[in-house]
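Coordinate analysis (summary)
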Amino acid sequence: MILALLQNPLIIAVIKMLAAIGIVMSAVPMLVWMERKVSARFQRRIGPNRVGPLGLLQSMADAVKLMWKEDFFPRNTDRILFLAGPVMAFLPGVISFSLIPIGQAPGNDLLGPNGVLAVSYLEMGLLVMMAVSSLASYGIAFGGWASNNQYSLLGGIRSSAQLISYEIVMGMAVLALAMKTGTLNLATIVEQQRGAALPAWNIFLEPLTFLLFLIAAFAETNRAPFDLPEAEQELVGGYHTEYTGMRYAWFMLGEYAGLWTMCSILVTLFLGGWTLPTAWLGWLANFPWFVVAAASFAIFIAKVVALVFFFMWVRWTLPRFRWDQLMKLGWTVLIPLALANILFTALVMEYGGWYVR
Amino acid sequence: MPPQLIDILFALAAIGLLGLSAAVVLIRNPVRSTLLLILSFLPTALLYILMQAPFVGILQILVYGGAIMMLFTFVIMMINPAPKGGEIPGEDAKIRWKGLVSTLVLLAVAGIIVIPPVYHAAMALPPAAVGKPGFGGIASLAELIFRDPANNPLTVSFELISFLILVGIIAALNFSRRRRSDISGDA
């Protein structure tokens, strides 16, 4: 009975969607805990260690506390947009995570084409993901505006200006990558990076593209050193100054869901996704499909968590950019560099030929 | 997908698009209009995808929804920061019926000029071309535009359009640049 139900593609699609939401929603509290632990270590503190083992349940305690906070509305505000802002900030992170292939169950075509574990297997997956993740800043912009507070408004405006500037850099970086891979299918991009040794990964073949994408990713997730929309020293709390309780928590959830998804994108595009070099893990292919699937999923998660740690490392090490420095970096350094990168990639593909398929 | 489902989705997207578009122009609050315009791009993209043009549909969200409307939002928020009281004043009744008449005339003219050629072109298309896998995707579009570039009129027009955009950027830079006479005072 249950096995017959599991043969139905619709049921499988629903299960996969729930799994994607579950992964993001269980990753977010862990990331909040990790951020607090990492920041504590960087500042020679211990960090949360009272609630649960190693303070692991600290995020749950925070959520319970936030639920009991006063439900505050500022005066003369646009109530609908004020309510919609936090939700709009949260949704794109979850939606774009559903496009990312998180593992492979070889020979099991029921779960996806070629056994690729992803909610949607799209030929233009990379473009769809860029489209969805570019909508993430609207929540911050509209929420900041609807708060009827100068600091919130400045935070929202900064967020939208930052997104416009760095979305171009990210798009141009993706363009150079797409020229090299010849496809926009995320699962195919991962498969291309499965080689005998490490240099098969795109980070080694396209180091400049990786650097440009990484910097744009810092800016698009609004994380330090580009966290100007919520710069505490200048803007009180930035876009979420007027938000309390669970609505503030939605913004936090959105920020960490965005961080998680952005790191997943980076891992998929540049760090080989769910694969490891075959020289290290070739023996794994002899095991049954669910062992291989679990192992590939574990590899993917391990890579994403390592990259998240790198993002936190940068946040707690580097000082924040000034606003004019941010704009100058984006428009006068990164965009010309991205254009040069496209030209360079085209030249290498035409005349170099040393990494062309 | 079964054809009935496509029809139902098409109808839902069309109704949603019409409703959202009407709301964009009827609502007095410019920031809410902006949000509704962004939302109206989602059914638009769905319409493109249902008409087997997924690439155009995704670009609709990526370019217009993600980039251009973000610019609009930025500018409107810079101009009109107050959530209440920043509404566009209503026009008087005299202008209203003139607007109605001119809109209807415009719709009629556009219907006569636009719909028949599109209908004939769609009818003239061989059914096999639409059914092919990958139709409307990036590869088929690239094939259409860049195959045999020396004799392909689409290649020339594509490159000319990019040249036109470059000219537009340079013109905008030139207009927004401060003249020497403007800055002589504080030099």
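Here the structure is a predicted model, which means the values were calculated and not measured.

**Section: the overall build of chain A**
- A tally of helices and strands in chain A yields 15 helices and 0 strands.
- Against the globule reference of 21 Å for 357 residues, chain A gives a C-alpha radius of gyration of 21 Å, in line with a compact fold.
- Classification of the 357 residues of chain A by burial places 48% in the buried group.
- Counting contacts in chain A only where the partners sit at least 6 residues apart, residues at least 24 apart contribute 78% of the total.

**Notes on the packing of helix H2 (residues 9-42) of chain A against helix H3 (residues 58-67) of chain A**
Residues and elements named next belong to chain A.
- Between H2 and H3, whose axes approach to 8 Å, the crossing angle comes to 105 degrees. One way to sum up the angle between H2 and H3 is to call them roughly perpendicular. Between H2 and H3, the residues in contact are Pro29, Val32, Trp33 and Arg36 and Gln58, Ser59 and Met60, respectively.
- Looking at side-chain class alone, the contact of H2 with H3 contains 4 nonpolar, 2 polar and 1 charged residues.

**Overview of the interface of chain A and chain B**
- Contact residues are listed per partner, giving 28 residues for chain A and 23 residues for chain B.
- Elements with a minimum of two residues in the side of chain A that touches chain B: helix H5 (125-133), helix H6 (137-146) and helix H7 (150-181) of chain A.
- Of all the elements, H7(A) adds the most residues to the side of chain A that touches chain B, at 8 residues.
- When the residues that make up the side of chain A that touches chain B are grouped by side-chain class, the tally is 18 nonpolar, 7 polar and 3 charged.

**Examining the domain arrangement of chain B**
- According to the domain assignment, chain B contains domain 1 (1-81) and domain 2 (137-177).
- Using only C-alpha atoms to locate each centre, domain 1 of chain B and domain 2 of chain B end up separated by 25 Å.

**With respect to the confidence of the model for chain A**
- For chain A, the mean per-residue pLDDT works out to 82, and 93% of the residues sit at or above 70.
- Per-element confidence in chain A ranges from a low mean pLDDT of 66 for helix H13 (residues 278-281) of chain A to a high of 89 for helix H10 (residues 207-220) of chain A.

**Points about the packing of H2(A) against helix H4 (residues 79-97) of chain A**
All names here are of chain A.
- Running from amino to carboxyl end, H2 crosses H4 at an angle of 125 degrees, the nearest separation of the two axes being 9 Å. On the basis of their axis angle, the class for H2 and H4 is oblique. Judged by the twist between their axes, the crossing of H2 over H4 is right-handed. Where H2 abuts H4, its residues Ala20, Ile21 and Val24 lie against Gly93, Val94 and Phe97.
- Grouping the amino acids of the contact of H2 with H4 by side-chain chemistry returns 5 nonpolar, 1 polar and no charged.

**Details of the nonpolar core**
Residue and element names in this part refer to chain A.
- Core analysis: the biggest nonpolar cluster contains 118 residues, and Ala173, Ala216, Cys263 and Leu266 have the highest contact counts within it.
- Broken down by element, this core gets its largest block of residues, 16 residues, from helix H12 (residues 245-270).
- When sequence neighbours within four positions are dropped, the list of residues in contact with alanine 216 reads Tyr166, Val169, Met170 and Ala173.

About the cut-offs
Residues numbered from 1 in each chain as written. Chains lettered and ligands numbered in written order. Predicted model: local features only at pLDDT ≥ 70, side-chain atom pairs only at ≥ 80, totals over all residues. Helix = DSSP H or I, 4+ residues; strand = E, 2+ residues; numbered from the N terminus. Rg over C-alpha atoms; globule rule 2.2 N^0.38 Å. Buried ≥ 20, exposed ≤ 12 C-beta atoms within 10 Å, placed from the backbone. Contact = placed C-beta atoms within 7 Å. Axes fitted to C-alpha atoms, helices over the stretch in contact; angles between N-to-C directions. Parallel < 35°, antiparallel > 145°, perpendicular 65-115°, else oblique. Nonpolar A, V, L, I, M, F, W, Y, C, P; charged D, E, K, R; others polar. Domains from an automatic or database assignment. pLDDT = per-residue confidence, 0-100. Left-handed = near helix turned anticlockwise from the far one by under 90°. Core = buried A, V, L, I, M, F, W, Y, C linked by C-beta atoms within 7 Å.

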